[in-house]
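Chain and residue survey
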Amino acid sequence: MRSLHFALAAAAMIASTAFASPTDPKAGAEYSVLAAPQPAQVAGKKVEVIEFFAYHCPWCNMVEPYVAAWALKHKDDVVLKRIAYPFRGPTDAEAHLWVTLEAMGKADEMGPKVFRANHVEHAQLNTDERILDWVGKKSGMDKAKFVEFWNSFGVLTKLKRLPQLVANYKIDSTPSFVVDGRLMTTPSMIGAANPGMERQAPEAAMTTLDSLVAKVIKEKGYGAAPVAAAAPAKTVKK
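The sections below set out a description of the structure shown in this document. Bear in mind that the values here come from a model prediction, so they are computed numbers and not experimental data. (Residues numbered from 1 in each chain as written. Predicted model: local features only at pLDDT ≥ 70, side-chain atom pairs only at ≥ 80, totals over all residues. Heavy atoms only, no water.)

Nonpolar side chains in soluble globular proteins tend to end up buried together. With 41 residues, the main nonpolar core has Phe-52, Tyr-55, Leu-97, Trp-98, Leu-101, Ile-131 and Phe-146 as its most contacted residues. The set of elements that each furnish at least two residues to this core consists of strand S2 (47-53), helix H2 (58-73), strand S3 (78-84), helix H3 (93-104), helix H4 (107-119), helix H5 (128-137), helix H6 (143-150) and helix H7 (153-168). It is H3 that contributes the most residues to this core, seven residues altogether. Residues within four places of Ile-131 in sequence aside, it is in contact with Ala-93, Glu-94, Leu-97, Leu-125, Phe-146 and Trp-150. (Core = buried A, V, L, I, M, F, W, Y, C linked by side-chain atoms within 4.5 Å. Buried < 20%, exposed > 50% of the residue type's maximum accessible area, 1.4 Å probe, protein only. Helix = DSSP H or I, 4+ residues; strand = E, 2+ residues; numbered from the N terminus. Contact = heavy atoms within 4.5 Å.)

The subject of this paragraph is the pattern of salt bridges. Throughout the structure, instances matching the rule amount to 15 salt bridges. Put simply, Lys-81 and Glu-48 hold a salt bridge, and the shortest N to O gap is 2.9 Å. Residue Lys-81 is found in strand S3, and its partner Glu-48 is found in strand S2; the two are separated by 33 residues along the sequence. Taking relative accessible area as the criterion, Lys-81 reaches 26% and is therefore assigned partly exposed. Look at Glu-48 and you get buried, because its relative accessible area is 2%. As a salt-bridge pair, Lys-73 and Asp-210 come within 2.8 Å of each other at their nearest N and O atoms. With Lys-73 in helix H2 and Asp-210 in helix H9 (residues 201-220), the pair connects residues that are 137 residues apart, well separated along the chain. (Salt bridge = Lys/Arg side-chain N within 4 Å of Asp/Glu carboxyl O.)

Residues lying three or four places apart along an α-helix face the same way, a consequence of the helix completing one turn every 3.6 residues. Along its 16 residues, H7 runs 23 Å from first to last C-alpha, staying within 8% of the 22 Å computed at 1.5 Å per residue. Helix geometry: H7 is bent most strongly at Leu-162, by close to 40°, with proline Pro-163 lying one to four residues after it. Every buried residue belonging to H7 is among Val-155, Thr-157, Leu-159, Leu-162 and Val-166, and all of these are buried. Along its buried surface, H7 packs onto S2, S3, H3 and H6. (Expected span 1.5 Å × (residues − 1). Bend = angle between axes of the 7 residues up to and from the residue.)

So, on to the pairing of strand S4 (residues 176-179). By the alternation rule, side chains of S4 split into Ser-176 and Val-178 and Phe-177 and Val-179, which are all buried. Note: S2 against S4, four bridges, orientation antiparallel. Opposite Ile-50, over in S4, you have Val-178 as the bridge partner. The pairing of S4 with strand S5 (residues 183-185) spans three bridges and is classified as antiparallel. By the bridge assignment for S5, Phe-177 is matched with Thr-185. Once S4 ends, the chain turns through three residues before running back antiparallel as S5, passing Asp-180 with a positive phi of about 60°. (Pairing = 2+ DSSP bridges.)

What follows is the structure, given as structure tokens:
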């Protein structure tokens with residue numbers, strides 16, 4: 001994760017719109033509009049929301065339970081996708097872990113365990129060797145099955161494509177959220193646009209996502225937009 005100070009400073013430079021608020025977010029304040037929108041890949045009248053994250057990122061660890069609760073609340077109108085940011089390029093070990101878990105259908109189940117291993121147990125799952133050791137000893141997964149997926153052509157191909165994917169969305173920090181392939185927001189942007197709200201950044205981020213989803217639903221004529229704010233969630237202890 002890039003320095004939070006740099007992220008806040010950059011966000012502060014664009015947060016000049018008056019009357020900024022997570023309940024009524026403004027472009028250039030709580031969110032930005034991608035210059036090159038990406039096609040949203042969802043079926044039916046649902047809104048695509050992508051979270052770009054990293055398992056080692058403290059902010060991602062902080063917002064993870066809030067995102068989980070938010071996704072459950074929006075199961076009828078949102079398709080939430082999580083994508084691990086490959087900070088070390090196409091051989092990034094953490095991203096490799098996420099791609100493998102996703103291929104196994106275990107990304108949602110194992111995500112909280114990986115965050116806990118990194119931020120509570122200090123396992124530092126940032127190398128292939130540490131990840132494979134953790135999988136075999138503490139994850140509760142079948143290591144042989146995990147290694148089979150880890151080394152599979154499909155997983156390795158997707159891993160190599162991740163850097164270009166995040167480049168397409170112009171993502172340079174985590175966590176970042178993209179709504180409908182075109183509206184991007186981060187907790188640091190929201191905090192910079194709303195001084196004094198930094199400690200409520202997870203809740204404010206979910207409220208901003210509520211507002212952006214409602215905006216997309218209204219623009220596309222999908223029907224009544226959700227108005228309830230995300231329910232508070234218990235943060236992961238560090």
